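# Structural characterization, general
Given next are the chains, with one letter for each unit.
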Amino acid sequence: MANNATLMQYFYWDYPADGMLWNELAHNAGDLAAAGITALWLPPPCKAERGIQDVGYGIYDLFDLGEFDQKGAVRTKYGTRQELEAAVQAAHTAGLQVYLDVVVNHKAGADRTEVVMGTPVSHDNRNIEIGPPREIEVWTYFNFPGRAGTYSDFVWNWQHFDAVDYDQRTGSVGTIYKLRDKQFDTPVDPERGNFDYLLFADLDMGSDEVRAELNRWGDWIVQTLGIDGFRFDAAKHIRFFFFNEWLDHVRATAGRDLFAVGEYWTPDAGTLGWFIEQTGRRMSVFDFRLHFNLRDASHGGGSFDMTRIFDGTQVRQDPALAVTFVDNHDSYREDAVADWFKPLAYALILLREGGQPCVFYPDYYGAPGRTSHRQILDRLLQVRRDHAYGQQNDYFDHPDVVGWTRLGDADHPRAIAVALSDGPGGAKRMNVNRPNRNFADATGNIGGVIITGNDGWGDFRCNGGSVSVWVEQ
Ligand code: CA
């Protein structure tokens, strides 16, 4: 039986624009695999509008992985294509899977403008037109002169986009214009009437030419880098059926079951359930609601009701397709889980049965102004890899101190008991089905051992605002 899988988001928004991420990854891959990481989510590797400063979401050219002199440099923020290939190879050599961040909702930084009729629509309800059609000058023509047709000679023009929010003639920023006879794609997230449009020039997924080009690109990127999966940016803004067609196509060409997770940004499990149904269970989704619960608990000053920590979460609703995370490159900037709570939060995603957990780079390595939690994370990752298996017994029955046990399986025979509290410390009486056995706290937070009784139960302790992970000795 395979060990538990653990994803790491290997970047963050403010990572330095020094072109060193791919080289650093190649250097660290072996250590990460040894620590218990099994897969990496890499940032968008394609050339983007702001060149080496761009995190990658202002995507310009899908086929430029840091190979062509475009947007002011050959390399991307993270390095050159050669360095990217070497990093993926190093990750594979270490036994890590590699998932790429795929940005196909929009394109930015067009090569020149086009003049087309556009109809302004309401920002708050995109189905409502707020003025007559008029002539606008839009940045929608992409022919990538620096790449000159290498890998693909597809030229993008306004007919491949639904909408923009910039008119060069008037300099008006922020007004959303539907282009000529275009309609927004459906189904997409229903917020604001129709949330197809997010920003920049929005791809028209109703265009056969667009979908064919994206299929070609999908085959190319999998073949070129040998990657193992995808994280889809802005999934709620992309026609859901795109994912069905694209994933079926790319998986069939590759002959492999490539992993996929969508960034469907909502705390609402009902909406996520609908998305999963529409996409036929082809892809996982991030558990944003769990992030919000963890954030709220971390800012609750000990007053959060810990019996409700999994309320409304995707991991409770549909654990098989939930990617759980504590923070990501967006949330950590304004909406982060507080540092004192991070060990508890990571225990809550790493040591449980449900969900595919994702560790965030700065939580592990630290970053300017960010605390590294590597010491505790290494311990939790080791327990996840070696001991967090088998039947799970839950004890989320007290507003402060909660816990659970895992009873192990044939390949991982030791039991564990996790106790944590957002308030005062205490003990939780829990069943590990191991009579008269010693358990020690793998976090090192509490010394000594706890001995279970004849009945296989124990009183497992934790300190205030802390977590203890008791492993059978
Ligand atoms: Ca869109």
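None of these values were measured; they are calculated from a predicted model. (Residues numbered from 1 in each chain as written. Predicted model: local features only at pLDDT ≥ 70, side-chain atom pairs only at ≥ 80, totals over all residues. Heavy atoms only, no water.)

## Concerning the sheet that holds strand β2 (residues 39-42)
- Strand order around the closed barrel formed by eight strands is β1-β2-β5-β12-β13-β14-β15-β16, with parallel pairing between neighbours. Direction aside, neighbouring strands of the sheet carry axes that sit 25° apart on average.
- Inspection of the sheet shows strand β1 (residues 7-9) paired to β2 by three bridges, in the parallel sense. Bridging across to β2, Met8 finds its partner in Leu40. (Pairing = 2+ DSSP bridges. Helix = DSSP H or I, 4+ residues; strand = E, 2+ residues; numbered from the N terminus. Axes fitted to C-alpha atoms, helices over the stretch in contact; angles between N-to-C directions.)

## A closer look at the packing of helix α3 (residues 208-225) against helix α4 (residues 240-254)
- Contact geometry of α3 with α4 gives a least axis separation of 9 Å together with a crossing angle of 40°. The angle between α3 and α4 places the two elements in the oblique class. By crossing handedness, the relation of α3 to α4 is classed as right-handed. Side by side, α3 and α4 meet where Arg211, Leu214, Asn215, Trp217, Gly218, Asp219 and Val222 of the first sit next to Phe242, Glu245, Trp246, His249, Val250, Thr253 and Ala254 of the second. (Parallel < 35°, antiparallel > 145°, perpendicular 65-115°, else oblique. Left-handed = near helix turned anticlockwise from the far one by under 90°. Contact = heavy atoms within 4.5 Å.)

## Let's talk about helix α11 (residues 374-387)
- Helix length check: α11, at 14 residues, gives a terminal C-alpha distance of 19 Å against a target of 20 Å (1.5 Å per residue), a fit within 8%.
- Every buried residue of α11 is listed here: Ile376, Leu377, Leu380, Leu381, Val383, Arg384 and His387.
- Looking at the buried positions of α11, the neighbouring elements they touch are α1 (21-35), α9 (342-350), β16 (356-360), α10 (361-365), β19 (416-421) and β24 (466-472). (Expected span 1.5 Å × (residues − 1). Buried < 20%, exposed > 50% of the residue type's maximum accessible area, 1.4 Å probe, protein only.)

## Description of the coordination of the calcium ion
- Within the protein, the atoms that donate to the calcium ion are Asn105 (OD1), Asp196 (O), Asp196 (OD), Asp202 (OD), Asp202 (OD) and His237 (O), at distances of 2.2 to 2.8 Å.
- Coordination at the calcium ion is irregular, judged from the six donor atoms that bind it and the angles of 50 to 164° they form at the metal.
- Judged by relative accessible area, which is 5%, His237 ranks as buried. (Donors = N, O, S within 2.8 Å, 3.2 Å for Na, K, Ca; no water. Tetrahedral: all angles 85-135°; square planar, octahedral: opposite > 155°, others 65-115°.)

## What about helix α5 (residues 269-278)?
- Three or more residues of α5 are buried, namely Ala269, Thr271, Leu272, Phe275 and Ile276. The buried residues of α5 occupy an angular sector of 155° when the element is viewed end-on, so they sit on one face.
- Residues of α5 that are buried make contact with α4, β14 (284-286) and α7 (314-317).
- Following α5 by one or two positions, Gly280 adopts a phi angle in the positive range, close to 60°. (Arc of directions from axis to C-beta.)

## Structural notes on the packing of aromatic side chains
- For the structure on display, the rule yields 45 aromatic pairs.
- Note on Trp13 and Tyr57: the rings are 6.0 Å apart at their centroids and 10° apart in plane angle, and the pair reads as stacked. Of this pair, Trp13 sits in the loop between β1 and α1 while Tyr57 sits in the loop between β3 (47-48) and β4 (59-61); the two residues are 44 residues apart in sequence, bridging distant segments of the chain.
- Residue Trp13 is classed as partly exposed on the basis of its relative accessible area, which comes to 23%.
- One aromatic cluster is present, built from ring pairs that chain together Trp217, Phe230, Phe232, Phe240, Phe242, Phe243, Trp246, Tyr264, Trp274 and Phe275.
- Its guanidinium or amino end placed over the ring of Phe142, Lys107 lies 5.2 Å from that ring's centre, counting from NZ or CZ. (Phe/Tyr/Trp six-rings, centres within 6.5 Å; stacked < 30°, edge-to-face > 60°. Lys NZ or Arg CZ within 6 Å of the ring centre and 35° of its normal.)

## Observations regarding the pattern of salt bridges
- Scanning the model with the defined rule gives 35 salt bridges in all.
- For Asp64, the salt bridge goes to Lys47, with nearest N and O atoms at 2.9 Å. Pair noted here: Asp64 is in the loop between β4 and α2 (81-93) and Lys47 is in strand β3, with a separation of 17 residues, a long-range link. Lys47 carries the same exposure label as Asp64, and that label is buried.
- Its salt-bridge partner being Asp204, residue Lys182 comes within 2.6 Å of it at the nearest N-O pair. Within this pair, whereas Lys182 is found in the loop between β10 (172-179) and β11 (201-203), its partner Asp204 is found in the loop between β11 and α3, the two being separated by 22 residues in sequence.
- For Lys182, a relative accessible area of 12% corresponds to the buried category.
- In this structure, a network of salt bridges that share partners links the residues Asp101, Arg231, Asp233 and Glu263. (Salt bridge = Lys/Arg side-chain N within 4 Å of Asp/Glu carboxyl O.)

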